[in-house]
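For reference, the chains in residue letters:
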Amino acid sequence: MATKPMLVAIFVSLLLSFATCQELRSRSERRRSIRAEECRFSSRRSQPTERLLSEGGVMEFWDELEEQFRCAGVAAVRTVIQPRSLLLPNYQSSPGLVYIVQGEGLMGISFPGCPETYSAMSPRRESEWWRREEHLEREVEGHIVRDMHQKVHRFRQGDLIAIPAGAAHWCYNDRDQEVISICVHDLNNQANQLDQSLRTFFLAGGAPLTALTGQTRRMMGQENLRNIMSAFDPELMAEAFGVSTETMQKMQVQDGRGFIVRAETMRMLRPEGEEEEEYEIIEGEEEIYRRRRGYDYEGAEAYRRRRMEGGEEAYWRRRGIRRGGCNDNALEETASNGLEEAICAMKVRHNMNTRREADVYTRHGGRLNIVNENKLPLLRFLGMSAEKGHLFPNAIYAPHWEMNSHSIVYCTRGEARVQVVGSRGQLVMDEMVREGDMFIIPQYFASAGRAGRDGFEFVSFKTTSLPMKSSLAGYTSVLRSFPLEVVMNSYLISRTEAHEMKQVRAQQQQTYLLSPMNNHYQYFVNHLLSEKNTMIALLDQDHSE
């Protein structure tokens, strides 16, 4: 008798599973069909259309409903943080890449499940650093309380910072110069199971509706901008945090300062000398940079000697990490849980302005710095990457197409003429782009550009962690892979002209970034080609005879 109800239950569960799969499949197909319709657009340079004002800065948003942004499934934000100001903790529904256009400061990213590795619990006071940081100690009910938190990162101009979806983060400008950053979010990422809209959840702060300008203000009606903490019942939250109701009510007050607030006297635990070893300073400028920052060489060297006291193994034992075999006893004795080694210790940033790390370099053309999952492994989980380009005056970015990603391009300096061609051979973009402009090059659309008289710099965000591109011109041109006869018959040109198309730039061994061909250089190239063509003609004549 018990078999029949069991069979019915199994049948119902299978039916529900099938219906769920069909619904997910139909949603995916609808999403793909919508995106296919939205990709019928013309690329164009764009500026932010909405601004969110705060007492310590401003956040500027590009219009998500603009066709090129809807097609690529991305959203872009430009943030300006004034000196001694704090961008309050927040998280987004989709992963994002942040490029620091200007300035330097401190930031933290909270990874769930990771330990607070920054702690002031050490009893050692020999270092001058501890004497400077004694303000972190507080005496509460007769007990000494010291701060503990996750890692604090120092960023500077040119850094690319990876922020996973749902990871709470904050940013503080502790310098005298404004911090300007560009952030691009991939709304189509599988981590975002909501709609294709940028959703930012602030943990603190709030702003009146008058602080917002643009279309979003009209859509929100009379509602003010609030953080997620303010909506909960104060008694429930007080019990959850183990604090008084009065304290929680203070935290939920909307003071109207916005989401970037002034914080003049903000200090926190940081590594000694405020310098992190993975920074790569531009060649020839490292010592100047460190001395300008007041870096204490002797103090840092003493710290390193103390750290390695007793040898490397003793250092790791003091940290509670046992190196070597991976047996049960080792796992019990170690402080590591696997997560902190795989995720918690991952780098979250990489500087893109380092000349020595250029992936593509042309003497009179410029350089490209590419940051993908090989340079920054965290990008593998985000499904994003970036490219920083520096074009010399009048240099050419060779015609090419992206094989597995969209490109969201932000201009950081100078100007350039950019052309984009669609699948039907139509010119979808032909404009001069300048500093502050943003435009999108869809996947497979061919594009090319020429820098202006003062050069051109840009950062390009990709929607894949390992981007691939194919070039039409240069040393790696696809035309070079074709037989000469194929090129001749495809374009109805002579053998000599086809040979020129395949070999002129190839002989210069330039790829992607092409140097300008001035009159003198052009004369030299033409002279070489003339001699080569004469030799080819003689060989053809001898062959025919």
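Residues numbered from 1 in each chain as written. Predicted model: local features only at pLDDT ≥ 70, side-chain atom pairs only at ≥ 80, totals over all residues. Heavy atoms only, no water.

(A) Spatial organisation of the overall build of the chain. Helices and strands together make up the secondary structure of the chain, namely 15 helices and 30 strands. Every one of the 545 residues in the chain was classed for burial, and the buried ones make up 43%. In the chain, the share of contacts with a sequence separation of at least 24, taken over all contacts with a separation of at least 6, comes to 75%. For the chain, the exposed surface amounts to about 30400 Å²; the carbon and sulfur share of it is 52%. (Helix = DSSP H or I, 4+ residues; strand = E, 2+ residues; numbered from the N terminus. Buried < 20%, exposed > 50% of the residue type's maximum accessible area, 1.4 Å probe, protein only. Contact = heavy atoms within 4.5 Å. Areas by Shrake-Rupley, 256 points an atom, 1.4 Å probe, with all protein chains shown as cover.)

(B) Focus on the nonpolar core. Within the largest apolar cluster, 67 residues are counted, with the highest numbers of intra-cluster contacts made by Met 59, Leu 97, Ile 109, Ile 161, Val 184, Met 438 and Phe 461. If you tally residues by element for this core, the top one is strand S3 (residues 74-81), at 6 residues. Excluding anything up to four places from it in sequence, Ile 161 contacts Gly 96, Leu 97, Val 98, Ile 100, Met 107, Ile 109, Phe 155, Val 348 and Arg 349. (Core = buried A, V, L, I, M, F, W, Y, C linked by side-chain atoms within 4.5 Å.)

(C) View of the packing of helix H13 (residues 484-491) against helix H14 (residues 495-507). Viewed as axis vectors pointing N to C, H13 and H14 meet at an angle of 110°, and their least axial separation amounts to 9 Å. Put simply, H13 runs roughly perpendicular to H14. Crossing of H13 over H14 shows right-handed handedness. Packed against H13, whose contacting residues are Leu 484, Glu 485, Val 487 and Met 488, the element H14 presents Arg 495, Ala 498, His 499 and Lys 502 at the interface. (Axes fitted to C-alpha atoms, helices over the stretch in contact; angles between N-to-C directions. Parallel < 35°, antiparallel > 145°, perpendicular 65-115°, else oblique. Left-handed = near helix turned anticlockwise from the far one by under 90°.)

(D) Broad picture of the environment of His 400. By the element assignment, His 400 lies in strand S24 (residues 396-402). Each C-alpha atom, one on His 400 and one on Ser 447, is 5.7 Å from the other, the two residues being 47 residues apart in sequence. When neighbours within four sequence positions are excluded, His 400 is seen to be in contact with Phe 445, Ala 446, Ser 447, Lys 469, Ser 470, Ser 471, Leu 472 and Tyr 512. Engagement of the side chain of His 400 in a polar contact is seen with the backbone oxygen of Ala 398, the distance being 2.8 Å. (Polar contact = N/O pair within 3.5 Å; in protein donor to acceptor, adjacent residues only side chain to side chain.)

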